[in-house]
Amino acid sequence: MIPMRTDLNTGGFTLYEIMISITIVGIITGLLSVSLFPLLDRSEFVNTADQIKDSLRQAQWLALNRRESHRLKSEFGKLLLQRKNNGSYETVLEEKVTEKISISATRWPSFSAFGFAAGGTITLETEYYITKVVVSPIGRIRQTEILKNKMFNQKRNLKYTS
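Residues numbered from 1 in each chain as written. Predicted model: local features only at pLDDT ≥ 70, side-chain atom pairs only at ≥ 80, totals over all residues. Heavy atoms only, no water.

Caption draft 1: Layout of the overall build of the protein. Regarding its fold elements, the protein presents 2 helices and 10 strands. In sequence order, the secondary structure elements of the protein are arranged as α-β-β-β-β-β-β-β-β-β-β-α. Among the 162 residues that make up the protein, the fraction classed as buried is 28%. Total accessible area on the protein stands at roughly 11,700 Å², and carbon and sulfur atoms take up 59% of it. (Helix = DSSP H or I, 4+ residues; strand = E, 2+ residues; numbered from the N terminus. Buried < 20%, exposed > 50% of the residue type's maximum accessible area, 1.4 Å probe, protein only. Areas by Shrake-Rupley, 256 points an atom, 1.4 Å probe, with all protein chains shown as cover.)

Caption draft 2: View of the pattern of salt bridges. Across all of its chains, the model carries 9 salt bridges by this definition. One salt bridge connects Lys100 with Glu44, and the closest N-O pair in it is separated by 3.5 Å. Here Glu44 lies in helix H1 (residues 15-66) and Lys100 lies in the loop between strand S3 (88-96) and strand S4 (102-105), a separation of 56 residues in the sequence. Residue classification places Glu44 among the partly exposed positions, given a relative accessible area of 25%. Its salt-bridge partner being Asp50, residue Lys53 comes within 3.4 Å of it at the nearest N-O pair. Within this pair, Lys53 and its partner Asp50 are both found in helix H1, separated by 3 residues, close to a single helical turn. (Salt bridge = Lys/Arg side-chain N within 4 Å of Asp/Glu carboxyl O.)

Caption draft 3: Geometry of the sheet that holds strand S2 (residues 78-85). In spatial order, the strands read S3-S2-S1-S5-S6; together these 5 strands make up an open sheet with antiparallel pairing. Strands at the two margins of the open sheet, each flanked by one partner only, are S3 and strand S6 (117-118). Examined bridge by bridge, strand S1 (residues 70-75) and S2 share 6 bridges and lie antiparallel to one another. Following the sheet pairing, Arg71 is matched in S2 by Gln82. Each of S1, S2, S3 and strand S5 (110-111) touches H1; the most contacted strand, S2, lies at about 10 degrees to it. (Pairing = 2+ DSSP bridges. Contact = heavy atoms within 4.5 Å. Axes fitted to C-alpha atoms, helices over the stretch in contact; angles between N-to-C directions.)

Caption draft 4: Main features of unusual backbone geometry. The phi angle at Arg67 is positive, at roughly 55 degrees, despite the residue not being glycine. Among the structural elements, Arg67 can be located in the loop between H1 and S1. One non-glycine residue with positive phi stands out, namely Asn86, at about 55 degrees. By secondary structure assignment, the location of Asn86 is in the loop between S2 and S3.

Caption draft 5: Highlighting the side chain of His70. Position of His70 among the secondary structure elements: in strand S1. A distance of 2.9 Å separates the side chain of His70 from the backbone oxygen of Glu68, its partner in a polar contact. Here His70 is in contact with Ala59, Leu62, Ala63, Gln82, Arg83, Ser110 and Phe111, once residues within four sequence places are set aside. (Polar contact = N/O pair within 3.5 Å; in protein donor to acceptor, adjacent residues only side chain to side chain.)

So, to be careful, I would describe these as geometric facts and stop short of saying anything about function.
Quick look at the structure:
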């Protein structure tokens, strides 16, 4: 028969060892979260740009298939897909856009019933990134490269030089 151990001091961790382990895990988690937040911001930015391109393609498709002019517009943090009806536009589809992203346009693109487009450039901008979605007069939809926002870089440089 094997004798039972009665020594209580041989197993487990001390409170000191547990506190050091938790502190190390907390420090590592803090460092990782700071480095991952910009990636999350970029992915949200890319998703919004894709959402705008998809809405433009949908407006183009609706214009051609329904023989009615359609356009895309942004108001009050919402992306609006509108159909021309008796000289004025009525909203067909409404999608919410993240508040962090500023959307502006030199001219809001629209698509006629005959396949032509009133071209325009939609600019998406956050504190960190900027890109443009361009619609040409023949209806081609493209996106420029996503760049770091110069205003953010200038603000950051001012902090370091001050």
